[in-house]
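# Chains, contacts and geometry: an overview
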Amino acid sequence: MRRWPGRLPGTPLSRRGRRRLAQGVMLGCVLALAPATWTHAVAGGHLRSPADVPAHDVAVVFGAGLWKGRPTPYLAHRLDTAAALYRDGKVKVVLVTGDNSRADYDEPDAMRAYLTERGVPGGRIVSDYAGFDTWDSCVRAKKIFGVRRAVLVTQGFHIRRAVTLCRTAGIDAYGVGVGEPHDSVWYYGGTRELFAAGKAALDAALKPDPKFLGRAEAGVREALASAGG
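Keep in mind that this is a model prediction, so the values were computed, not measured.

What follows covers the sheet that holds strand β2 (residues 58–62). Strand pairing in a sheet takes place through backbone hydrogen bonds and is either antiparallel or parallel in direction. Reading across from one edge, β1-β8-β7-β2-β5-β6 is the order of the 6 strands in this open sheet, with parallel pairing throughout. With partners counted over all chains shown, the strands left at the sheet margins are β1 (47–48) and β6 (125–128), one partner each. Inspection of the sheet shows β2 paired to strand β7 (residues 149–155) by 4 bridges, in the parallel sense. For valine 60, the partnering residue across the bridge sits in β7 and is leucine 152. Sheet strands touched by helix α2 (residues 73–87): β2, β5 (93–97), β7 and β8 (172–178). Its angle to β7, the strand with the most contacts, is close to 145 degrees. Against the sheet, helix α4 (residues 134–143) engages β2, β5 and β6, with an angle of about 155 degrees to β2.

Judged by nonpolar contacts, the single largest core of 28 residues is most densely connected at Leu95, Val147 and Leu152. Residue assignment for this core shows that the elements contributing at least two residues are β2, β5, α4, β7, α5 (156–168) and α7 (219–226). Broken down by element, the residue count for this core peaks at 5 residues, all from α5. Aside from chain neighbours lying at most four places away, what touches valine 147 is Val58, Leu95, Ala141, Lys142, Ile171 and Val220. In this structure, Val53, Val61, Ala83 and Val96 belong to the second largest nonpolar core, which totals 26 residues.

A separate point is the packing of aromatic side chains. Considering all chains together, one arrives at 2 aromatic pairs under this definition. When the ring centre of tyrosine 114 is taken as origin, the NZ or CZ atom of arginine 118, which lies over that ring, is 3.5 Å away. When the ring centre of phenylalanine 132 is taken as reference, the NZ or CZ atom of lysine 211 above it lies at 5.5 Å.

What follows deals with the pattern of salt bridges. Following the criterion strictly, the structure yields 11 salt bridges and no others. Of the charged contacts, one joins arginine 102 and aspartate 104 as a salt bridge, the two residues approaching to 2.8 Å between their closest N and O atoms. Judged by its relative accessible area of 64%, aspartate 104 falls in the exposed class. One network of salt bridges, with partners in common, ties together Arg70, Asp80, Glu117 and Arg118.

We now examine α4. Along α4, 8 of the 10 residues are buried, which leaves the element largely enclosed by surrounding structure. In this structure, the buried residues of α4 make contact with β2, β5, β6, α5 and α6 (184–206). Sitting at the amino-terminal end of α4 is aspartate 133, which places a side-chain oxygen 3.3 Å from the backbone nitrogen of tryptophan 135.

Another point: the state of the cysteines. Tallied over the full model, the rule gives 1 disulfide. In this model cysteine 138 forms its disulfide with cysteine 166; the gap between the sulfur atoms is 2.1 Å. Its torsion about the S-S bond being -85 degrees, the disulfide of cysteine 138 and cysteine 166 is classed as left-handed. With cysteine 138 in helix α4 and cysteine 166 in helix α5, the pair connects residues that are 28 residues apart, well separated along the chain. Taken individually, cysteine 138 and cysteine 166 each receive the classification buried, so the pair is uniform in this respect.

Two packed helices can be described by the angle between their axes and the distance between those axes. Where α2 contacts helix α3 (residues 107–117), the axes come no closer than 10 Å and their chain directions differ by 50 degrees. Of the possible angle classes, the one that applies to α2 and α3 is oblique. Seen along the crossing, α2 lies across α3 with a hand that is right-handed. Contact residues: α2 offers Leu75, Ala76, Leu79, Asp80 and Ala83, while α3 offers Met111, Tyr114 and Leu115. A class-by-class count of the residues in the contact of α2 with α3 yields 7 nonpolar, no polar and 1 charged.

The rules behind each value
- Residues numbered from 1 in each chain as written.
- Predicted model: local features only at pLDDT ≥ 70, side-chain atom pairs only at ≥ 80, totals over all residues.
- Heavy atoms only, no water.
- Pairing = 2+ DSSP bridges.
- Helix = DSSP H or I, 4+ residues; strand = E, 2+ residues; numbered from the N terminus.
- Contact = heavy atoms within 4.5 Å.
- Axes fitted to C-alpha atoms, helices over the stretch in contact; angles between N-to-C directions.
- Core = buried A, V, L, I, M, F, W, Y, C linked by side-chain atoms within 4.5 Å.
- Buried < 20%, exposed > 50% of the residue type's maximum accessible area, 1.4 Å probe, protein only.
- Phe/Tyr/Trp six-rings, centres within 6.5 Å; stacked < 30°, edge-to-face > 60°.
- Lys NZ or Arg CZ within 6 Å of the ring centre and 35° of its normal.
- Salt bridge = Lys/Arg side-chain N within 4 Å of Asp/Glu carboxyl O.
- Polar contact = N/O pair within 3.5 Å; in protein donor to acceptor, adjacent residues only side chain to side chain.
- Disulfide = S-S within 2.5 Å.
- Parallel < 35°, antiparallel > 145°, perpendicular 65-115°, else oblique.
- Left-handed = near helix turned anticlockwise from the far one by under 90°.
- Nonpolar A, V, L, I, M, F, W, Y, C, P; charged D, E, K, R; others polar.

Structure below.
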């Protein structure tokens, strides 16, 4: 029986084999990091602090989970930033977008309640109950709520992906990244972004419809009209 030449199990790699292995590892790392590099490149010129972000009619706040029916600390910090932007006259309306896929879990209503407790009038808050991920939220903001320009509010590790996807969806978006202490949640979020960037690249390339689309809603337009916008 003819035997094909090759490395026997347990024998060390040759210099050529080690070089090929190193090249393969390097190529894998480059491909893994390419989507994150893309989001950094697209969003790089559109990130601002709350003080210097251009005034826009609408702020979009992305959901980040509930704990016993109330916003988690990370979501609360996003909402605090949006409320400050409203008080400072940077935005006129806040679109809260999150998950309400079951009756006992309602991110948008919890976000609305939190904002009204901090002085944002209920008439200036619009709820998107089908913002199940960042791409869905961006597409629905444009197609359902008619948002063309917006300030996006989320944590720093997420803001580049959010800006990139909303700009891909057709929104002239600027991002305000909310600062957080570098705790375990922050490190988890940053690591998760490396994988989420891959999905973002697919969403940008394929442009799938959100899980729920439906008819256009007048909430943002009516809220702006009441604000004189």
